[in-house]
Amino acid sequence: MIVPDGMKVILDPKDEYTHAPEAASNYNESMYFNAMDEKAGVGMWVRIGNRVNEGHAEMTCCVYLPDNKVGFMFAKPEITHNREMAAGGMRFDLIEPFKTHDVSYDGTILLMERPEEMMNPGYAFKNNPKVSCTIRLRFEGVSPMHGGELVNADGSPWDLDPEKSVFRGHTEQHMAVTGSVTVDGVEHAIDGFGFRDKSWGPRHWDNFYWYKWQPMTFSPDFGIMLSLMGQPDGDPFINGHVFHDGKLEKLVDVKVETNYDEGYTPTHITTRLFTAEREFLLEGELVTNIPLRHLRKQPDGSVTFSRITEALMRYNCEGMTCFGMSENLDLMQDGVPLSVRLQVEAA
């Protein structure tokens, strides 16, 4: 987590539970889990975002299958309280803070041979079959927690601007995952690793100008989380760590080279990661990708368009391989992601 001058981070087990919603209309409390089993050829991620002051949740389910088909579902089910993370057939149950969580889903997903069709959700939902999907997964933490709630140096709450905010608190953790994902009657056993995060506080998605997020867990004692977050000008903020030897080593610098296809999806990523102790070389190769979008009407009547590419990657580092995610959010300008435009202009 990036900690501004004059502030600190508090990590408290109570933040594993839901919070009393703030008055801001855009208050969001969300949890995300991903589960990866490279041997089985399966990856997946799920998210619930409670926007109780807006009267609904955001529920997302995405499953990457061995035949490169992608199952996907998004809904905004009605909610009237923020007492639990459960919406649209999906449920997250806290078993032990900082340690154990259960994830379940009973519903349907679109089964897509061409996941790129999700850039036009109306077309995708009309032209792909809906099939049954059942998820039963247990997540066990293998790393220390990363993050917490940002507060002032004296411990008092941060007086943030809801219209410019993306969160008040944020936590992340590397996980071991067991269970199963069943799609259209075919059960896929999961015995692998994953990652989770949680956020709470006011959020507008387009307040992220651009970010690149790469979480991955190779083993019970080795994982990486890299986050680059940028503005329309200036250098990006570096956030993240390498997890090994039972601890989280903070990233102090990164060097990233990214190859894109014609649609600006990252196809190969070479990253040199620097901690205070050593350097790591990370290679990532695209397995499959589904592009998502977020539209928001501004007070002046204009509409911001953010694209989020959810790419399943095969990563290699320290002689180990695993499935992991490369999630890139960009404000789009004339069809070009902001981060790519800035990269071209800087060159």
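As the structure is a computational prediction, the values presented were derived from the model and not from experiment. (Residues numbered from 1 in each chain as written. Predicted model: local features only at pLDDT ≥ 70, side-chain atom pairs only at ≥ 80, totals over all residues. Heavy atoms only, no water.)

Draft legend 1. Looking closely at the overall build of the chain. Of regular secondary structure, the chain possesses 2 helices and 21 strands. Computed over its C-alpha atoms, the radius of gyration of the chain comes to 19 Å, within 12% of the 20 Å expected for a compact globule of 347 residues. Seen through its C-alpha atoms, the chain measures out along the principal axes to roughly 55 × 50 × 45 Å. Expressed as a percentage of its 347 residues, the buried residues of the chain come to 54%. Considering only contacts in the chain between residues 6 or more positions apart, those separated by 24 or more positions represent 59%. Carbon and sulfur atoms provide 50% of the accessible area of the chain, an area that totals close to 15,000 Å². Positive and negative side-chain charges in the chain, numbering 32 and 52 respectively, have mean positions lying 3 Å apart. (Helix = DSSP H or I, 4+ residues; strand = E, 2+ residues; numbered from the N terminus. Rg over C-alpha atoms; globule rule 2.2 N^0.38 Å. Buried < 20%, exposed > 50% of the residue type's maximum accessible area, 1.4 Å probe, protein only. Contact = heavy atoms within 4.5 Å. Areas by Shrake-Rupley, 256 points an atom, 1.4 Å probe, with all protein chains shown as cover. Lys, Arg positive; Asp, Glu negative; His and termini not counted. Charge placed at Lys NZ, Arg CZ, Asp CG, Glu CD.)

Draft legend 2. Main features of the state of the cysteines. Tallied over the entire structure, the rule returns 0 disulfides. Left unpaired, C62 is separated from the closest cysteine sulfur, that of C61, by 7.4 Å. (Disulfide = S-S within 2.5 Å.)

Draft legend 3. Representation of the side chain of Q214. Mapped onto the elements of the fold, Q214 is located in strand β13 (residues 210–219). For Q214, a relative accessible area of 5% corresponds to the buried category. When near neighbours in sequence (up to four residues on either side) are disregarded, Q214 contacts I224, M225, L226, I269, T271, L282, Y315, M325 and S326.

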